[in-house]
Amino acid sequence: MSEGKGVWVFSENADLTLEMLGKGREIADKVGAELAAVVIGSNAADWANELVKYGADKVYLVDNAMFGRFQAEAYLSVLHNLVVNYKPETVLIGSTKNGKPLAARLATRLEVGCVPDCSRLGVDEKGRLVGERITYGGNAVAKLTFKTKPQIVTVPSRAFEKPQPKKRSGQVVKLDLKAEQAKTEVVETKPLETSSVRIEEAEAIVSCGRGLEKKEDRVLLDELAAVLCGQVGCSRPLAEDRKWFSEWVGLSGHKVKPKLYIACGISGVIQHVAGIRDAKVVVAINKDEQAPIFEVADYGVVGNLYEILPALKEALKKQLQ
Amino acid sequence: MKRIIVCLKQAVDVTQLKVDPATRQLITASAPRKMSDFDKNALEEAVRLKEKNAGVEVVTVTVASEEAKTVLREALAMGADKAYVVNDAGLKDVDTLGTAHVLAEAIKKAGEFDLVLCGESSLDSFSGLVGSRVGELLSLPQVTSARKLSVEGDAVVGERTLEDSIETVKAKLPALVTVTREINQPRIPSLMMIMKASKKEIVTWTLADLAVDKAKLASKIEVVEVLAPKTERKRIRITGESVAEIADKLAKALIQEGVVKR
Ligand SMILES: Cc1cc2nc3c(=O)[nH]c(=O)nc-3n(C[C@H](O)[C@H](O)[C@H](O)COP(=O)(O)OP(=O)(O)OC[C@H]3O[C@@H](n4cnc5c(N)ncnc54)[C@H](O)[C@@H]3O)c2cc1C
């Protein structure tokens, strides 16, 4: 394993760390590099050992009571210190609300490039690391690579599969690092009510748009979703403007990958469609036969969602018996 | 607090972008431009702070490779006191780091400040990196993705929504804050405000006016391609005499596809 070729992953989010280890392992194997995880935390030795099972050859563990929770300046200074000392070639950072600014500041401190929110990531035939991200409001997919090293990439949640844990050996390197006095302070944290089920994991999604007239009509979607063992989603206006839902599907919302996505009363504007690129089968139900959603659907029904949804539910029930 | 800087991008209006169907290339050159949505929220927030705190000046800073006067006039009409623009053809291919270097130098040249406000992301490139990069170059503490903001003494307090919590963060001034669209509803300037704004000053600089190290502007990223996504969908229309018939056909197709659990 040659010097300066390491692939690193870091996230303060546990699931995302594992997902990036899966992708990181693939990249490291392709370029013949070592895969390392960075753990910054308090009482985190068990977690560090656990990461070896998920593919890390090495875990840099910075364990100190002061790192008990995410602190932007402290984490940045530790991560920067490690990168300067051990010179990884690639650093994957979880694209959370805290992780992305961390990646941006790290890349700036190092005077290097950063490719954010890669929904796909791989090594091309020339051996370059190429990240794919949606840009121009969903109108385009950009494939980007780096002219500088280390290559800093941010990875959104659920973009990559979590690997299966295996019995393997790896090394945990304990480091005693401290951080400078911070100029920011978290004065309060309140838990956020989030649905326990994640829409990214749904195998079937019945999604509605502004074609839904009343909040109560959601029951039509719930009932079909129940038959499909799936979940309900929506377009942005239903969440942001009407506040009937708290989350939405699309470019600025969740990027989903179900086997089946049923879009009802959704026009199919590019910003919405950007979130369903990875759906296996897309069904569109819309009363306007010119609606752009039909261009990006496998099966299209021109009709009223209030008639089609109950009928589809019955038909599925009957045929599935 | 005396002075707030707002970083404003003139962005491609992504809702009006056209794609060449043959090549899947975007036709960006002729696409209309507008003030990037999130930056408009940042500007609105700055103007509200000014309204609450007498004597505060709001200054905008823009980096553009092309004319951006319309956007700057709009900013002045919304309540900014002065607009600075770094306009230089040499900025055409700069990436997020280059943009941040130019913004940081322009902010320094524009004078003292207490607060820098940016949108969380830009409407067109949507990278969400530039604000934090500017914060780093100016060594400022930062609050990112703020959906509420207030100034308390020598600190700024922001509320931000994380994946599983809502956090209130306090940062000592001078600081940098990036805002989300939820933070406010930007005002639409009245005719009066537009007229008043025509007397306000727009200061135009080129790269030569700034202490930017040209070497630092070279892009760190190589664009392999930027293409409209391919849509490989079947586009089958399901028709029938009755709703029941359509539903039956659709159900059958979905079961055949193997996307419905038995
Ligand atoms: C930067 C940016 C990011 C964005 N991000 C997102 C995003 O992540 N997700 C997102 O969804 N949007 C996003 N948007 C908004 C997006 O541009 C659209 O405004 C939005 O997706 C439209 O929602 P819609 O399809 O529900 O509504 P509309 O466009 O109003 O469509 C409603 C559709 O319902 C049909 N309809 C009405 N009644 C019935 C009926 N009874 N039966 C059947 N069909 C019916 C109509 O024919 C119409 O096609 C974003 C916009 C921008 C600028």
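Caption draft 1: Examining the overall build of chain A more closely. For chain A, the count of helices and strands is 8 helices and 16 strands. With respect to the principal axes defined by its C-alpha atoms, chain A has extents near 65 × 50 × 40 Å. Looking at chain A as a whole, 59% of its 321 residues are labelled buried. Considering only contacts within chain A whose residues lie at least 6 apart along the sequence, 63% involve residues at least 24 apart. Carbon together with sulfur atoms contributes 47% to the accessible area of chain A, which is approximately 13,800 Å² in total. The average position of the 45 basic charges and that of the 42 acidic charges among the side chains of chain A differ by 3 Å.

Caption draft 2: The arrangement of helix H4 (residues 99-109) of chain A in detail. Residue and element names in this part refer to chain A. Here H4 lies mainly inside the structure; 10 of its 11 residues are buried. For H4, every residue scored as buried is listed here: Gly99, Lys100, Pro101, Leu102, Ala103, Ala104, Arg105, Leu106, Ala107 and Thr108. Just past H4, the residue Glu111 takes up positive phi, approximately 55°.

Caption draft 3: Structural view of the sheet that holds strand S3 (residues 58-63) of chain A. Residue and element names in this part refer to chain A. On the basis of which strands lie adjacent, the open sheet formed by 7 strands has the order S5-S9-S4-S1-S2-S3-S10 and parallel pairing. Of all the strands in the sheet, the pair left with one neighbour each is strand S5 (114-115) and strand S10 (171-175). Relative to S3, strand S2 (residues 35-41) is paired through 6 bridges, and the arrangement is parallel. From the neighbouring strand, Val39 faces S3, where its bridge partner is Leu61.

Caption draft 4: Molecular detail of the domain arrangement of chain A. Residue and element names in this part refer to chain A. According to the domain assignment, chain A consists of domain 1 (7-175) and domain 2 (199-320). Look at where the C-alpha atoms of domain 1 and domain 2 centre, and you get two points 34 Å apart. For the pair domain 1 and domain 2, the two sides together bury roughly 860 Å², of which 49% comes from carbon and sulfur. Put simply, domain 1 and domain 2 have 3 salt bridges between them. Residue Glu132 is joined to Arg277 by a salt bridge in which the shortest nitrogen-to-oxygen separation is 3.9 Å. Between the two partners, domain 1 and domain 2, sit 5 residue pairs in polar contact (both at pLDDT 80 or more).

Caption draft 5: Expanded view of helix H8 (residues 305-320) of chain A. Over its 16 residues, H8(A) extends 22 Å from the first C-alpha to the last, a length consistent with the 22 Å expected when each residue adds 1.5 Å. Residues A:Leu305, A:Ile308, A:Leu309, A:Ala311, A:Leu312, A:Lys313, A:Ala315, A:Leu316 and A:Leu320 constitute the buried set of H8(A). Looking at the buried positions of H8(A), the neighbouring elements they touch are helix H5 (218-227), strand S14 (260-264), strand S15 (281-286) and strand S16 (299-302) of chain A together with helix H6 (243-257) of chain B. Between the side-chain oxygen at the start of H8(A) and the backbone nitrogen of A:Tyr306 there is a gap of 2.8 Å, and the oxygen is on A:Asn304.

Caption draft 6: Main features of the interface of chain B and chain A. Contact with chain B, which involves 79 residues of that partner, is made by 83 residues of chain A. Roughly 7,300 Å² of surface becomes buried between chain B and chain A when both sides are summed, with 57% attributable to carbon and sulfur atoms. For the pair chain B and chain A, the interface holds 9 salt bridges. Applying the counting rule to chain B against chain A returns 47 residue pairs in polar contact (both at pLDDT 80 or more). Contributing elements (two or more residues each) for the side of chain B that touches chain A: helix H3 (96-110), helix H4 (130-137), strand S9 (142-152), strand S10 (155-161), strand S11 (165-172), strand S14 (221-227), strand S15 (236-237) and H6 of chain B. Where S16(A) meets S15(B), 2 bridges bridge the pair, whose relative direction is parallel. Paired with A:Tyr299 across the strands is B:Ile236, a residue of S15(B).

Caption draft 7: Seen up close, the pattern of salt bridges. Residues and elements named next belong to chain A. Counted by the stated rule, this structure contains 49 salt bridges over all chains. Across the pair Arg218 and Asp222 runs a salt bridge, and its minimum N-O distance is 3.1 Å. Of this pair, Arg218 and Asp222 both sit in helix H5, 4 residues apart, which is roughly one turn of that helix. Judged by relative accessible area, Arg218 falls into the partly exposed class, the value being 29%. What makes Asp222 partly exposed here is its relative accessible area of 32%.

Caption draft 8: View of the state of the cysteines. If you walk through the whole model with that rule in mind, you get 0 disulfides over all chains. In this structure A:Cys114 is not part of a disulfide, and its nearest cysteine sulfur, from A:Cys118, lies 8.3 Å away. Overall, A:Cys114 belongs to the buried group, its relative accessible area being 4%. For the unlinked cysteine B:Cys7, the closest cysteine sulfur is that of B:Cys118, found at 3.8 Å.

Caption draft 9: Just the domain arrangement of chain B, in detail. For chain B, the domain assignment lists domain 1 (3-217) and domain 2 (232-262). If you average the C-alpha positions of domain 1 of chain B and of domain 2 of chain B, the two centres end up 48 Å apart.

Caption draft 10: Inspection of the packing of aromatic side chains at higher detail. Applying the stated criterion across every chain yields a total of 8 aromatic pairs over all chains. An angle of 40° between the planes, with centres 5.0 Å apart, marks the rings of A:Trp8 and A:Tyr60 as tilted. Placement of A:Trp8 in strand S1 (residues 7-10) and of A:Tyr60 in strand S3 is noted, with a sequence separation of 52 residues between them. The same class applies to A:Trp8 and to A:Tyr60, which are both buried. Note on A:Trp8: relative accessible area 4%, which makes it buried. In this structure an aromatic cluster arises from ring pairing among A:Phe10, A:Phe67, A:Phe70 and A:Tyr75. Positioned over the ring face of B:Trp205 is B:Lys109, at 5.3 Å from the centre of the ring.

The rules behind each value
- Going along each chain's sequence as written, the residues are numbered from 1 onward.
- Written order decides the labels, with chains lettered from A and ligands numbered from 1.
- Side-chain atom pairs in this predicted model are given and counted only at pLDDT of 80 or more, local residue features only at pLDDT of at least 70, and totals for whole chains, interfaces and linings cover all residues.
- Side-chain metrics in this entry use all non-hydrogen atoms of the structure; hydrogen atoms and water are not considered.
- Counting from the N terminus, the helices are the DSSP runs of H or I reaching at least four residues and the strands are the DSSP runs of E reaching at least two.
- The buried label applies to any residue whose accessible area, calculated with a 1.4 Å probe on protein chains only, is under 20% of its type's maximum; exposed applies above 50%, and partly exposed to all values in between.
- Note on contacts: a residue pair qualifies if any of its non-hydrogen atoms lie within 4.5 Å across the two residues.
- Per-residue and other accessible areas were derived by the Shrake-Rupley procedure at a 1.4 Å probe size, with only the shown protein chains allowed to occlude residues.
- When charges are counted, Lys and Arg contribute as positive and Asp and Glu as negative, whereas His and the chain ends are disregarded.
- To locate a charge, take atom NZ for lysine, CZ for arginine, CG for aspartate or CD for glutamate.
- DSSP bridges decide pairing: two strands pair if at least two such bridges lie between them.
- Residue ranges labeled as domains rest on an automatic or database domain assignment.
- Here's the idea: put two parts together, see how much 1.4 Å probe accessible area each one loses, and the total over both is what we call buried area.
- By convention in these notes, a salt bridge is any Lys or Arg side-chain nitrogen within 4 Å of a carboxyl oxygen on Asp or Glu.
- Counting of polar contacts relies on pairs of N or O atoms within 3.5 Å, with two restrictions inside protein: one atom must be capable of donating a hydrogen and the other of accepting it, and residues adjacent in sequence are counted only when both atoms are side-chain atoms.
- A helix is expected to span 1.5 Å multiplied by its residue count minus one.
- Disulfides are defined as pairs of cysteine sulfur atoms found within 2.5 Å of each other.
- Two aromatic rings, drawn from Phe, Tyr or Trp (for Trp, its six-membered ring), form a pair once their centres lie within 6.5 Å of each other, and the interplanar angle then sorts them: stacked below 30 degrees, edge-to-face above 60, tilted otherwise.
- Lysine NZ or arginine CZ positioned within 6 Å of the ring centre and within 35 degrees of the ring normal marks a charge as sitting over the ring.

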